[in-house]
Amino acid sequence: MGEALLPRSSFSPFEGRGKLGSIHVVSLAPGADLASFRAAARRLIAAEIPPDNIVWQTEAASLFGADTVSAEGPPLPLPRAVAELIPMVVPHRDPERYGLLYGLLWRVTHGERALMEVASDPLVHRLHRMRKAIQRDLHKMHAFLRFRRVPGEGQERFVAWFEPDHHILEAAAPFFVDRFRALEWSILTPEGSAHWDGALTFGPPGRREDVPEGDGFEAGWRDYYESTFNPARLNLDAMRAEMPRKYWRNMPETAAIPSLVRAASARAQAMIEKEPTMPAKRDPVRAVAKMAQDEPDSLDALNAIIARSEPLVPGATQAVLGEGPVGARIAFVGEQPGDQEDRQGRPFVGPAGQLLSRALEEAGIDRREAYLTNAVKHFKFSLRGKRRIHEKPTAGEVSHYRWWLERELDFVAPKLVVALGATAVLALTGKQIPITRARGPADFGRPFEGFITVHPSYLLRLPDEAKEVAYQAFVDDLRRANAMAA
Ligand code: URA
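Residues numbered from 1 in each chain as written. Predicted model: local features only at pLDDT ≥ 70, side-chain atom pairs only at ≥ 80, totals over all residues. Heavy atoms only, no water.

Participant: It is not clear to me how the site of the ligand should be interpreted in this structure. Could you clarify?
Facilitator: Contacts to the ligand come from G334, E335, Q336, P337, E341, P347, F348, N374 and H455. Between the ligand and N374 there is a distance of 2.6 Å, counted from a nitrogen atom to a side-chain nitrogen or oxygen. A distance of 2.6 Å separates an oxygen atom of the ligand from a polar atom in the side chain of H455. Surface burial for the ligand is 93%, taken as the share of its 240 Å² of free accessible area covered by protein chains. Residue composition of the shell around the ligand, grouped by class: three nonpolar, four polar and two charged. (Near = heavy atom within 4 Å. Polar contact = N/O pair within 3.5 Å; in protein donor to acceptor, adjacent residues only side chain to side chain. Areas by Shrake-Rupley, 256 points an atom, 1.4 Å probe, with all protein chains shown as cover. Nonpolar A, V, L, I, M, F, W, Y, C, P; charged D, E, K, R; others polar.)

Participant: Which parts of the structure should I look at to understand the environment of L100?
Facilitator: If you trace the backbone, L100 turns up in helix α4 (residues 97–108). Taking C-alpha positions, L100 is 8.8 Å from R126, a pair spaced 26 residues apart along the chain. Once you skip the residues sitting within four places of it in the chain, L100 turns out to touch L123, R126, L127 and M130. (Helix = DSSP H or I, 4+ residues; strand = E, 2+ residues; numbered from the N terminus. Contact = heavy atoms within 4.5 Å.)

Participant: I'm lost on the packing of aromatic side chains in this one. Help?
Facilitator: Here a ring pair, both rings aromatic, is described through the centre-centre distance and the interplanar angle of the planes. Evaluated as defined, the whole model comprises ten aromatic pairs. Measuring from ring centre to ring centre gives 5.3 Å for F37 and W56, while their planes differ by 50°; the resulting arrangement is tilted. You can see F37 sitting in helix α1 (residues 34–46) and its partner W56 sitting in strand β2 (residues 54–57), a full 19 residues away along the chain. For W56, a relative accessible area of 13% puts it in the buried group. Arranged with centres 5.5 Å apart and planes meeting at 40°, the rings of F147 and W185 form a pair that is tilted. Of the two residues, F147 sits in the loop between α5 (122–144) and β3 (148–149) while W185 sits in strand β5 (residues 185–189), which places them 38 residues apart along the sequence. Since its relative accessible area comes to 3%, F147 is described here as buried. (Phe/Tyr/Trp six-rings, centres within 6.5 Å; stacked < 30°, edge-to-face > 60°. Buried < 20%, exposed > 50% of the residue type's maximum accessible area, 1.4 Å probe, protein only.)

Participant: Can you help me understand the sheet that holds strand β4 (residues 158–161) in this one?
Facilitator: Strand-to-strand pairing in sheets goes through backbone hydrogen bonds, with the strands running parallel or antiparallel. The five strands lie next to each other as β3-β4-β5-β6-β7, forming an open sheet whose pairing is mixed. Each of the sheet's edge strands pairs with one partner strand only, and the pair in question is β3 and β7 (200–203). Judged from the five bridges that link them, β5 and strand β6 (residues 192–196) form a sheet pairing that is antiparallel. Bridge pairing links S186 to H195 in β6. (Pairing = 2+ DSSP bridges.)

Participant: Explain the pairing of strand β14 (residues 449–453) to me, please; I cannot follow it from the model alone.
Facilitator: Consecutive residues of a regular strand have side chains that alternate between opposite faces of the sheet. Most of β14 sits out of view: four of its five residues are buried. Of the strand pairs in this sheet, strand β12 (residues 416–420) and β14 are connected by five bridges, and their pairing is parallel. Within β14, the residue paired with V418 across the bridge is F451. As paired strands, strand β13 (residues 440–442) and β14 are joined by three bridges and run antiparallel to one another. Residue pairing in the sheet places P441 in a bridge with F451 of β14. Connecting β13 to the next strand, β14, in antiparallel fashion are six residues, including G445 with a positive phi near 70°.

Participant: Is there a simple way to think about the side chain of K377 in this case?
Facilitator: In this fold, K377 is placed in the loop between β9 (371–374) and β10 (381–384). A residue is classified by how much of its surface remains accessible, and K377, at 0% relative accessible area, is buried. A polar contact of 2.4 Å, which involves the side chain of K377, links it to the backbone oxygen of N374. A distance of 2.8 Å separates polar atoms of two side chains, one belonging to K377 and the other to E408.

Participant: Is there a simple way to explain the pattern of salt bridges in this structure?
Facilitator: In this structure the tally under the stated criterion is 28 salt bridges. Note that E209 is salt-bridged to R207, the shortest N-O span being 3.8 Å. Residue E209 is classed as exposed on the basis of its relative accessible area of 59%. Given a relative accessible area of 48%, R207 falls into the partly exposed group. (Salt bridge = Lys/Arg side-chain N within 4 Å of Asp/Glu carboxyl O.)

Rendered as structure tokens:
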């Protein structure tokens, strides 16, 4: 964010009434100028200046004429959802971002305090989409940025090149401070740079050529990637959507991808054939406390926690994580993994999953573009001889995993979430609601739209004569949900 790194004092907001009559012109630093926006918005709201009378400008050229530095207005008591949204929209590239945010502040402070809950309001909807774009961009930067060692004597130094889509350098940098606190590093982008040597500072733009091509550090990244690669979860399209090729150039481990992909199906088969395990008993209360303490800042980090966690009820072979691209338009939440899912480590691959895949296809939904997950992440069963018979999770077990599901959907940020069956509804609403009563569009009180339908395993249990009609109604529901998410 080069622009944002010029001295802030030259970009203090000012208001001019000259040529524009009663129009207030507010000039902000290019990039993400949260502090100046906040100060200006407080002052303008306090002065009762309506949104239509304000021009928000961020072009560098026009700023040098700025001559009036006004004081900050009194703090605005804002609903939490608004206060949290502002820093997540300010880094967006859209030149209208400040005007949109001020429009929101104006309405919230003029009688529409609960505006953020009106997901269908066009302004709220647009701001949510902008927030999601920033979340995606942050996720990509956190996941795909790679440091390289700078050759030379003396103190080791690491440099990385990255091209974010939005003005997120300042918002993204603290993550790297946490991860690489002991190293000295710089992140260069076409708009600015961040530097850490015990203190975090920002500077002018960098150039790709300033970052060394390869180093010994790369073998470490490659080994790490190879050790975490799960062949059973290989989905090339989803992988390309999640990790666009633009970032591959900067990522040493991408060299390992072709060979891992070639070996994937044999490794996946070996995993399926492996006997399921029976881990020892554990203390679920401690596990809940542990999960809540962790503060993952990406879907990968969240997945790492759940993958490490033990099942609430002993027995599952592994945690079955959600599957699909971050930013998927539509997400499906099921109940819990079944026998096949537990063995393969993927959601919806057993009989109910196959039925779901067929119905999705008929409804015109590409499964690879959707996000599929479960309310509960571990298979719970009782043994009948050698057979593992599915057992429904209790409300307590569902609530144990709710923390996880909520974070997961925050990171994926879908437009619409489909609850498949009563357990998913319980996980998304905290309430036991009969599906027959609630089927159709639903409000889960979250930033995405909601839809409730039956679980595909319910269709499998129906007598043959009822199956076809129920299946068609299910496909119709999926079509409707798809249209809502369009
Ligand atoms: N049923 C579910 O709810 N989820 C799965 O992943 C499989 C079956």
